[in-house]
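# Understanding the architecture of this molecule
Now for the letters of each chain:
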Amino acid sequence: MIFYPKEYDVIVIGGGHAGCEAALASSRIGCSTLLITMNIDNAGLMSCNPAIGGLAKGQIVKEIDALGGEMGKAADHTGIQFRRLNTKKGPAVRSSRAQIDRQDYRLYMKTVLERQPNLDLKQSMVDHVLIKNSTVYGIKTHTEEGFVGKSVVITPGTFFNGLIHIGLVNFPAGRMGDFPSIALPQQLKELGFEIGRFKTGTTPRLDGKSIDFSRLTPQAGDDAPIPFSFSTINQLNNQAVCYITYTNHKTHKIIQTGFDRSPLYTGIIEGTGVRYCPSIEDKIVRFSDKERHQIFLEPDGIQTNEYYPNGVATSLPYDTQIAMLRSIEGLEKVEIRRPGYAIEHDYVNPLQLKPTLETKLIRNLFLAGQINGTTGYEEAAGQGLIAGINAALTAQEREPIIIDRSEGYIGVLIDDLVTKGTKEPYRMFTSRSEYRLILREDNADLRLREKGYQFGLLTHEEYEHFRKKKKAIEGELARLRSIQIRADAQTNEALVRLGTAPIKNPATLEEILRRPEVSYKTLSVLGYPILEEISPVVIEQVEIQIKYAGYINRQEEHVEKFKKMENIKLPFDFDYRKIPGLSREVQEKLIAIRPVSLGQASRISGITPAALSILMVYVKRIGTV
């Protein structure tokens, strides 16, 4: 083996969404970083649907951006249609989603990586991580090249022992057209990592020339698109339209005829699939009472007429895929450019990770993305960002960063993985967060921007823009609290015109705005000026903070209790077998997971209140509280 003459602080293996964020974060912190991937031209490639965001995923993208990551900026730069979901519901569950030009996104991310100071890109397949005294110190490629690094981040996506299935045909691949990684997962297994098997899938890609769009329902973007990135100041433009159609009884019958050649139903696929994003064959079995399933036709870009039919992920034989699609309205003459397929891949039990995403078995080795049992671009990117930050901080011998459950969806995601593990591909939902009213996408910068700036991931201009916004919000909240309106006939007439009750005593504008019938803009009806220079994002923040103040305050009280538990730290090398009163089951679970705090211990399945009380007494006795 020949070692490359340059030594790195951080080496990132894999150029997917997790790898890109990890490499950018590390280099922006100031560490010399190497991103090594099988194909540099595919860095940032969207392997599945051409979209960023969605329910709960939009929140993650906003948090990535708030911390100084790149996904939000990339989505704004390459988006061709922007929508905000759940706008008729409360702010806690509103999420942004954008259709993306897939090739544009890849080229944008490649350009950002190439121009980033402190970051080198190299193309090769990594076969081994180099380890000495249970500490990683570099990597070895399949061409016998060695690279030395203080920290290593592995982000392989679906490439670990990837196996593609189309009907009864299967072949090794990381994704269609790419080699799988075989040696590296084998080494991790030999090192003692618990390797499992998951399955995900994708849809056929369709030729737009063969689609009859006149028979489909168009869906346009929002009139005033809201950007993902808090740094985006340019107006976003919708350039594309999506279309909706549905499966039918005939479609379902055709799918059933292919079950005898389906790898899913003949037992060929052994990995566990994604519960919340099932294949079309799985849907018609699990939801047999439904007469139809929605298909959302998503354009792959502006310079192509290829379409992604979201909702019909499948591993059925090719001939069944064609017949199935041609039974659907608007697709009667459709041509398939690329078949749908399922892919099985290895993952590592995330219970073998610390909340920093460093492995418990090997020091300075971090894992991020689908290797940790997740599914989705956004979940991968969020993990990659945190792993990249912590790999860099480790190389610099600084304290790591942990985003806890009260600070962000990224914190919920990682805490769920490292505390509870997962038996199926993990996908984020707003329902997974107990603090979702304060973890909204609109306030992600208020929650996390300071942290991003603290670690050097934001420019001075981005941080100053944030400070001005924060100051404007605080100033307007103070102004609305300070202005009182009189309970006279003129005021009450105006209130009645707004559809709300008159007042008997003087009230502040804040108190009036708290009413559901009153909006910030309608305050002018009461004769009090609206400050024209205030931006829409500041107005939105002011309204939400005032209208939901009671609920927000209640959640913040719960967060205070949560923080007290999180602040009671548990040493990593704690010998739980020596604590009298703990059952053997509790001891085994604590030893396996090694919680970093009493709070994390409380979330481990089977850890009783009595066990927590014993732990509390013990940590007080040894003086860690």
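Residues numbered from 1 in each chain as written. Predicted model: local features only at pLDDT ≥ 70, side-chain atom pairs only at ≥ 80, totals over all residues. Heavy atoms only, no water.

## Remarks on the overall build of the chain
Which entries qualify depends on this criterion: Here a helix means four or more residues in a row that DSSP labels H or I, a strand means two or more in a row labelled E, and each is numbered from the N terminus. Using C-alpha atoms as the atom set, the radius of gyration is obtained and then compared with a globule rule of 2.2 Å times the number of residues to the power 0.38. Relative accessibility decides the category of a residue: with a 1.4 Å probe and only protein chains considered, values under 20% of the type maximum give buried, values over 50% give exposed, and everything between is partly exposed. Here a residue-residue contact requires only that any non-hydrogen atoms of the pair lie within 4.5 Å. His residues and chain termini do not enter the charge count, which takes Lys and Arg as positive and Asp and Glu as negative. Charged side chains are reduced to one point each, which is NZ for Lys, CZ for Arg, CG for Asp and CD for Glu.
The helix and strand tally for the chain stands at 19 helices and 23 strands. For the chain, whose C-alpha radius of gyration is 26 Å, the value lies close to the compact-globule estimate of 25 Å for 625 residues. Counting only C-alpha atoms, the chain reaches 85 × 70 × 50 Å along its principal axes. A buried classification covers 58% of the 625 residues belonging to the chain. Once local pairs closer than 6 in sequence are excluded, the contacts in the chain between residues at least 24 apart make up 73%. Here the chain carries 79 positive and 74 negative side-chain charges, and the mean point of each set is 3 Å from the other.

## A short note on the side chain of Asn49
For Asn49, the position within the fold is in the loop between β3 (33-37) and β4 (51-53). Those residues in contact with Asn49 that sit more than four places away from it in its chain are Arg97, Glu298, Tyr308, Asn310 and Tyr377.

## Some points on the sheet that holds strand β13 (residues 195-202)
Pairing between the strands of a sheet comes from backbone hydrogen bonds, and it takes one of two forms, parallel or antiparallel. As a reminder of what qualifies: Should DSSP find at least two bridges between two strands, the strands are taken to pair. In this analysis, axes come from line fits to C-alpha atoms, helices being fitted only over the stretch in contact, and the angle between any two N-to-C directions falls in the range 0 to 180 degrees.
With antiparallel pairing, the 4 strands of this open sheet are ordered in space as β12-β11-β20-β13. Strand pairing shows two members of the sheet lacking a second neighbour, β12 (169-172) and β13, which therefore form its edges. Put simply, the sheet's adjacent strands are angled 25 degrees from each other on average, direction ignored. The pairing of strand β11 (residues 163-166) with strand β20 (residues 341-348) spans 3 bridges and is classified as antiparallel. Opposite Leu163, over in β20, you have Glu344 as the bridge partner.

## Notes on the environment of Gly369
Of note, Gly369 is situated in the loop between β21 (365-367) and α9 (377-395). Separated by 214 residues in the primary sequence, Gly369 and Thr155 place their C-alpha atoms 5.9 Å from one another. For Gly369, the residues in contact, after removing those within four places along its chain, are Ala18, Thr374, Ala380 and Gln383.

## Observations regarding the domain arrangement of the chain
Keep this limit in mind: Each domain's limits were defined by an automated method or a database of domain assignments.
Under the domain assignment, the chain is made up of domain 1 (2-199 + 345-454), domain 2 (205-341), domain 3 (460-550) and domain 4 (568-624). Here domain 2 and domain 4 have C-alpha centroids that lie 48 Å from each other.

## What to know about the sheet that holds strand β16 (residues 242-246)
Taken together, the 6 strands give an open sheet; going across it, the order is β15-β16-β17-β18-β14-β19, and neighbouring strands pair in antiparallel fashion. Only two strands of the sheet have a single neighbouring strand rather than two, namely β15 (217-219) and β19 (336-338). Neighbour-to-neighbour, the strand axes of this sheet turn through a mean angle of 35 degrees, independent of strand direction. One ladder, built from 4 bridges, connects β16 with strand β17 (residues 294-299); its direction is antiparallel.

## Here we look at the packing of aromatic side chains
The test is simple: Aromatic contacts are taken between Phe, Tyr and Trp rings whose centres are within 6.5 Å, Trp giving its six-membered ring; a plane angle under 30 degrees counts as stacked, one over 60 as edge-to-face, and the others as tilted.
Scanning the model with the defined rule gives 10 aromatic pairs in all. Both rings, one in Phe198 and one in Tyr347, keep their centres 3.9 Å apart while their planes meet at 10 degrees; by these two values the pair is stacked. Placement of Phe198 in strand β13 and of Tyr347 in strand β20 is noted, with a sequence separation of 149 residues between them. The exposure class assigned to Phe198 is buried, which follows from its relative accessible area of 1%. By relative accessible area, Tyr347 is classed as buried at 12%. Here the aromatic rings of Tyr453 and Tyr463 are separated by 3.8 Å at their centres, their planes lie at 5 degrees, and the arrangement is stacked. Separated by 10 residues along the polypeptide, Tyr453 in helix α11 (residues 444-454) and Tyr463 in helix α12 (residues 460-482) bring together distant segments of the chain. What makes Tyr463 buried here is its relative accessible area of 11%. These aromatic residues form a ring-pair network of at least three members: Phe213, Tyr243 and Tyr307.

## Some points on helix α17 (residues 584-593)
For the α-helix, the turn length of 3.6 residues means that residues three or four positions removed from each other point alike. What counts is decided by this rule: Directions drawn from the helix axis to the C-beta atoms are what define this arc.
Taken together, the buried positions of α17 are Val586, Gln587, Leu590 and Ile593. What you see down the axis of α17 is that its buried residues fit within an arc of 150 degrees, all on one side. Summarising the contacts, the buried residues of α17 are in contact with α10 (409-420), α18 (598-602) and α19 (609-622). A positive phi of about 50 degrees marks Arg594, the residue just after α17.

## A closer look at the layout of surface pockets
The criterion, for reference: The way it works is a 1 Å grid over only the protein atoms, where trapped points that fit a 1.4 Å probe form a cavity and open points with protein on both sides within 12 Å along at least five of seven lines form a pocket, and then any residue with an atom within 4 Å of a point lines it. Grid points are joined across faces, edges and corners, and a volume is the space filled by probe spheres set on the points. Residues are grouped as follows: nonpolar covers Ala, Val, Leu, Ile, Met, Phe, Trp, Tyr, Cys and Pro; charged covers Asp, Glu, Lys and Arg; every other residue, Gly included, is treated as polar.
A volume near 770 Å³ is recorded for the second largest pocket. Looking at the second largest pocket, it is lined by 30 residues, and the ones nearest its centre are Ile226, Pro227, Ser535, Pro536 and Val537. Contributing elements (two or more residues each) for the lining of the second largest pocket: α11, α12 and α15 (536-547). Ranked by the residues each element gives to the lining of the second largest pocket, the list is headed by α15, at 7 residues. Tallied by class, residues from the lining of the second largest pocket come to 12 nonpolar, 8 polar and 10 charged.

## Notes on the side chain of Arg97
Put simply, the test is: Pairs of N or O atoms are called polar contacts if they sit within 3.5 Å, as long as, within protein, a hydrogen donor faces a hydrogen acceptor (for residues adjacent in sequence, only side-chain-to-side-chain pairs).
Along the chain, the position of Arg97 falls in strand β6 (residues 95-100). Judged by its relative accessible area of 16%, Arg97 falls in the buried class. Within polar-contact distance, the side chain of Arg97 engages the side chain of Gln99 at 2.5 Å. One polar contact links Arg97 to Glu298, side chain to side chain, over a distance of 2.6 Å.

## Details of a nonpolar patch on the surface
Selection rule: Each patch is assembled from residues with relative accessible area greater than 30% and no salt bridge, linking like charges that lie within 9 Å and nonpolar side chains (Val, Leu, Ile, Met, Phe, Trp, Tyr) that lie within 5 Å. Here, Shrake-Rupley sampling with a 1.4 Å probe gives the accessible areas, and only protein chains in the shown set may cover a residue. What makes a salt bridge here is a side-chain nitrogen of Lys or Arg within 4 Å of a carboxyl oxygen of Asp or Glu, nothing more.
On the surface, Met1, Phe3 and Tyr137 cluster together into a nonpolar patch covering about 270 Å² of accessible area. Note on placement: Met1 falls in the segment before β1 (2-3). For Met1, a relative accessible area of 45% translates into the label partly exposed.

## Focus: the pattern of salt bridges
Evaluated as defined, the whole model comprises 47 salt bridges. We note a salt bridge from Asp404 to Lys563, for which the minimum N-O separation is 2.6 Å. With Asp404 in the loop between α9 and α10 and Lys563 in helix α16 (residues 549-566), this pair connects stretches of sequence that are 159 residues apart. Under the relative-accessibility criterion, Lys563 is labelled partly exposed at 23%.

## Structural notes on unusual backbone geometry
The residue Glu144 is not glycine, and still its phi comes out positive at about 65 degrees. Its location among the elements puts Glu144 in the loop between β9 (135-141) and β10 (145-154). One non-glycine residue, Glu397, lies in positive phi territory at about 60 degrees.

## Let's talk about the environment of Pro278
With respect to the helices and strands, the residue Pro278 is situated in the loop between α6 (249-257) and α7 (280-286). Put simply, Pro278 and Gly311 are 33 residues apart on the chain and 8.5 Å apart in space, counted from C-alpha to C-alpha. Leave out the neighbours within four places in its chain, and Pro278 touches Lys283 and Arg286.

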